[in-house]
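Structural description and commentary
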Amino acid sequence: IKGYPSFEIDGELWTKRGDFENISSIVLDKTPSDKWKEIKHYIFDVPNAKGNLFQRLATLKPYTNDIIKIIPQIKIKSKSHLKKFFNDIVAKGGEGVVIRDPSAGYERKRSAKILKLKPFLDDECEVVGYTKGKGKFEGLVHETWKTTGKIIPLNVPIEHYSFRDYTDLLKKLN
């Protein structure tokens, strides 16, 4: 792709906060349109580069342009600094922050060296029953969950039935 490096980069496509559905429609459109010009590629790591996080990101600097952007990395000085930074991001509509050990190498899995901090509480729950969805819920599994003493009915798409769905759905409860 013109302007992109020949090496792997890790990031996300972005336009503005709260614009996920627009990005999805642009990316999934069978015929690419000029709307692609709205999208930026914000990079948070360079997986196969050597060195710490800052050294890895430095290998990408010659490739930054109107599309490829490096997400600024903030060195956290204290817990109060983290709390203020986190609260500022959430107040602007961000979903949270990623806390990383900058000396750690790139990992292709969940890691204690890279943690997501989000402004929600979760809870343990158990599925206590389910039925097939009907009407507008056809194609869904209608589950009944029990969490903190409450029985909560939830609808989960069968094709996306996974632990991640449970996690995402729990976010909506709190």
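Counting restarts for each chain, with residues numbered from 1 along the sequence as it is written. Given that this is a predicted model, residues contribute local features only at a pLDDT of at least 70 and side-chain atom pairs are listed and counted only at 80 or more, while totals for whole chains, interfaces and linings are drawn from all residues. Each side-chain value is worked out from all heavy atoms of the structure, with water and hydrogens disregarded.

Some words on the nonpolar core
Among buried residues, the Ala, Val, Leu, Ile, Met, Phe, Trp, Tyr and Cys ones that are joined through side-chain atoms within 4.5 Å form a nonpolar core. Partly exposed describes any residue whose relative accessible area lies between the buried limit of under 20% and the exposed limit of over 50%, with all areas from a 1.4 Å probe on protein chains only and scaled to the type maximum. Judged by nonpolar contacts, Ile9, Ile43, Val46, Ala49, Leu53, Leu57, Leu60 and Ile68 together constitute the single largest core of 8 residues. If near-sequence neighbours (up to four positions away) are discounted, Ile68 is found in contact with Gly3, Tyr4, Pro5, His41, Ile43, Leu60 and Tyr63. Contact between two residues is taken to exist if any of their heavy atoms lie within 4.5 Å; hydrogens are not considered.

Looking at the environment of Arg108
Mapped onto the elements of the fold, Arg108 is located in the loop between strand E4 (97-100) and strand E5 (114-117). Taking the C-alpha atoms as reference points, Arg108 and Pro47, separated by 61 residues in sequence, lie 8.4 Å from one another. Setting aside residues no more than four positions away along its own chain, Arg108 makes contact with Glu8, Pro47 and Asn48. At 3.3 Å, the side chain of Arg108 and the side chain of Asn48 are in polar contact. For the purposes of this entry, the term helix denotes a DSSP run of H or I that reaches at least four residues, the term strand denotes a run of E that reaches at least two, and both are numbered from the N terminus. Any N or O atom pair separated by 3.5 Å or less is treated as a polar contact, with the protein-specific requirement of one donor-capable and one acceptor-capable atom, and with residues adjacent in sequence counted only for side-chain atom pairs.

Here's the deal with the pattern of salt bridges
Each salt bridge in this description consists of a side-chain nitrogen of Lys or Arg and a carboxyl oxygen of Asp or Glu lying within 4 Å of one another. Across all of its chains, the model carries 7 salt bridges by this definition. Asp34 is paired through a salt bridge with Lys37; the nearest N and O atoms lie 3.9 Å apart. Note on Asp34: relative accessible area 59%, which makes it exposed. Judged by relative accessible area, which is 64%, Lys37 ranks as exposed. We note a salt bridge from Lys118 to Glu95, for which the minimum N-O separation is 3.2 Å. Here Lys118 is found in the loop between E5 and strand E6 (126-132), whereas its partner Glu95 is found in the loop between helix H3 (79-91) and E4, with 23 residues between them in sequence. Residue classification places Lys118 among the partly exposed residues on the basis of a relative accessible area of 22%. A relative accessible area of 57% means that Glu95 is categorised as exposed.

Examining the side chain of His41
When you line up the elements, His41 lands in strand E2 (residues 40-45). Accessibility expressed as a relative area gives 14% for His41, which makes it buried. Here Tyr4 takes part through its side chain, which lies 2.9 Å from a polar atom of the side chain of His41. Those residues in contact with His41 that lie beyond four places of it in its chain are Tyr4, Ile9, Gly11, Glu12, Leu13, Ile67, Ile68 and Lys69.

Quick look at the confidence of the model for the protein
The predictor rates its confidence in each residue with pLDDT, a number between 0 and 100. Considering every residue of the protein, the mean pLDDT works out to 79; 69% of them sit at 70 or more. Residue range residues 156-167 is modelled with pLDDT below 50. Its contacts to residues more than four positions away, or to other chains, number 18 contacts.

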